[in-house]
Amino acid sequence: MRILIIDDSEGSRLILTTILRSAGHYDITEASNAQEAFDILQCRDLEAVESDVDLVLMDLHLPGVDGIEATRIIRGATHLNDIPVVIVTADDNTAALERAFRAGATDFLRKPVDPVELRARVRSSLRLKEETENRKARERELLDMAGRLRQANNRLKELAIRDELTGIYNRRHFMEVAARELSRATRYERPIAMLFLDADHFKDINDTYGHFVGDRALCTLAEACQKQLRDVDIFGRIGGEEFALVLPETTEEEAMAVAERLRESIDEATFTLDEVSRKNPVLDDEPDAAPRTYHIHLTISIGVAVTEASLISLEEFMLRADRALYRAKELGRNKVVL
Ligand code: GH3
Ligand code: MG
Ligand code: MG
Ligand code: MG
């Protein structure tokens, strides 16, 4: 424990030092005025985060900056907040003492000091400081833990609503949000559209390139569609290579335009996919082989359903989109059908 004694009288410093040294385990530093003490305490160093001084024993009457002002300056430095400042004073001036306490002093002693009293006060001040520090550390730990829990909780919530492969809404969450949007549209008599999207002949993609490339293709497909949507649109993966899309505030004409744009953009795109996710240095026959890259062309079929101010259930709404999708398939795929 390091104690800083601030006193302009060399005799006083000697007495205090001798008494405290006799207690054994204190490391004592002396300063004869406030400026010297400020340097030791790094009071002016805005970057200081911690002081190696554990307690300040300060004479009230100092030349230049006096004990009251010095206490205020020490308290003003954030890294010195918890350091006990014990005032040592020769006079009976209670008004001055009161000001010292208001400035942030934690205790006081009268000169001439009684050795037993000095040691007892120093001990209890140091214990108080330690307790304060421990409490603050515990509080920080608790806050930290609460922050980590909150983060984990948010992450769990996200995981629960997302499809693992594509990152878009999973079927359950899509249904939940879609139901909410549908009932809002019904209540306010607003138009709302439901689109069912299904990748054409997707089985062939798997058969030709393998399931891993098929997975990459589904991700890229979802991403390509998502890019064209508004924030209010609700996009989810409702089955293997089937996606559904709810467009709030969207009329039949607008929904058909969105669907056509989606169909066309996928038809026009070439997905560049590599096998990198398949590479496994343990299981692969040729661990050093460069991952193959494929350029894949996909098409999608889309079924569209629109409801305007009519009361239908979500199931009925989805069924209508599914029926339209079925017709799109029948018509030869890569089509949009209402
Ligand atoms: P169409 O829809 O045009 O009638 O033909 P399709 O081949 O796409 O339809 P089908 O329903 O017969 O087959 C769906 C294919 O999608 C078969 C299945 O292996 C594949 N599939 C479904 N889910 C996944 C997945 O998560 N990853 C991969 N790679 N393939 C999937
Ligand atoms: Mg003095
Ligand atoms: Mg399909
Ligand atoms: Mg399908």
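Scroll up to find the structure.
Below or above, wherever it landed, is the structure these notes cover. Remember, it's a predicted structure, so these values are computed and weren't measured experimentally. (Residues numbered from 1 in each chain as written. Chains lettered and ligands numbered in written order. Predicted model: local features only at pLDDT ≥ 70, side-chain atom pairs only at ≥ 80, totals over all residues. Heavy atoms only, no water.)

As for the side chain of Asp 200
Threshold: Every helix listed is a DSSP run of H or I at least four residues long, and every strand listed is a run of E at least two residues long, numbered separately from the N terminus. With a 1.4 Å probe rolled over the protein chains alone, any residue whose accessible area is under 20% of its type maximum counts as buried; one over 50% counts as exposed, and the rest are partly exposed. What qualifies as a polar contact is a pair of N or O atoms within 3.5 Å, subject to a donor-acceptor requirement within protein and to the restriction that residues adjacent in sequence count only when both atoms come from side chains. Contacts are residue-level and defined by heavy atoms, with any inter-residue pair within 4.5 Å sufficient.
Within the fold, Asp 200 resides in the loop between strand 6 (191–199) and helix 7 (202–209). When its relative accessible area of 5% is taken as the criterion, Asp 200 is described as buried. Side-chain polar atoms of Asp 200 contact the backbone nitrogen of Asn 334, separated by 2.9 Å. Non-local contacts of Asp 200, meaning those with residues more than four positions away in its chain, are made with Thr 299, Ile 300, Ser 301, Lys 329, Arg 333 and Asn 334.

Description of the site of ligand 1
Short version of the rule: Proximity is defined per residue: if any heavy atom of the residue lies within 4 Å of a molecule or strand, that residue is considered near it. For accessible areas, the Shrake-Rupley method is used with a probe of radius 1.4 Å. Any residue's cover is judged against the shown protein chains and nothing else. Charged means Asp, Glu, Lys or Arg here, nonpolar means Ala, Val, Leu, Ile, Met, Phe, Trp, Tyr, Cys or Pro, and polar covers whatever is left, Gly included.
Looking at ligand 1, there are 16 residues lining it, with His 201, Phe 202, Asp 215, Arg 237 and Arg 333 nearest. Asp 198 has a polar side-chain atom sitting 2.9 Å from an oxygen atom of ligand 1. In the environment of ligand 1, an oxygen atom lies 2.7 Å from a nitrogen or oxygen atom belonging to the side chain of Arg 333. When the free accessible area of ligand 1 is taken as 640 Å², the share hidden by the protein chains comes to 68%. Looking at the shell around ligand 1 element by element, the count peaks at 4 residues for helix 8 (residues 211–226). Partitioning the shell around ligand 1 into residue classes produces 3 nonpolar, 5 polar and 8 charged.

Observations regarding the coordination of the magnesium ion (ligand 4)
Applied cut-off: Water is absent from the atoms considered, so a metal site may look incomplete; donors are defined as N, O and S atoms within 2.8 Å of the metal, or 3.2 Å for Na, K and Ca.
Here the magnesium ion (ligand 4) is held by the protein donor atoms Asp 198 (OD), Glu 241 (OE) and Glu 242 (OE), which lie 2.3 to 2.8 Å from it. Each donor residue of the magnesium ion (ligand 4) lies on one chain, and together they are spaced D-x42-E-E. In this structure, the magnesium ion (ligand 4) lies 3.5 Å from the magnesium ion (ligand 3), and both are coordinated by Asp 198. Relative accessible area serves as the criterion here: at 27%, Glu 242 is assigned to the partly exposed category.

Observations regarding the coordination of the magnesium ion (ligand 3)
Note on the magnesium ion (ligand 3): its protein donors are Asp 198 (OD), Ala 199 (O) and Glu 241 (OE). The metal-donor distances range over 1.9 to 2.1 Å. The class of Asp 198 is buried, set by a relative accessible area of 7%.

Examining the sheet that holds strand 1 (residues 2–6)
Test applied: Pairing between two strands is assigned when DSSP locates at least 2 bridges connecting them. Only the stretch in contact is used when a helix axis is fitted, and all axes are lines through C-alpha atoms; the angle between N-to-C directions ranges over 0 to 180 degrees.
If you trace the 5 strands from one edge of the open sheet to the other, you get 2-1-3-4-5, paired in parallel fashion. Looking at the sheet topology across the chains shown, the edges are occupied by strand 2 (27–31) and strand 5 (107–110). The average angle at which neighbouring strand axes cross in this sheet is 20°, direction not considered. With 4 bridges connecting them, strand 4 (residues 85–89) and strand 5 associate as parallel partners. When the sheet's bridge partners are listed, Thr 89 is paired in strand 5 with Arg 110. Those strands touched by helix 1 (residues 10–22) are strand 1, strand 2 and strand 3 (55–59), and its axis lies near 175° from that of strand 2.

What about the sheet that holds strand 6?
Read from one edge of the open sheet, 5 strands run 7-8-6-11-12, paired in mixed fashion. Edge positions in the sheet fall to strand 7 (234–237) and strand 12 (336–337), since each of these pairs with one other strand and no more. Bridge count between strand 11 (residues 300–308) and strand 12: 2 bridges; the pairing is parallel. The residue bridging Gly 303 from the neighbouring strand is Val 337, located in strand 12. Lying on the sheet, helix 8 is in contact with strand 6, strand 7, strand 8 (242–248) and strand 11; it crosses strand 7 at an angle near 170°.

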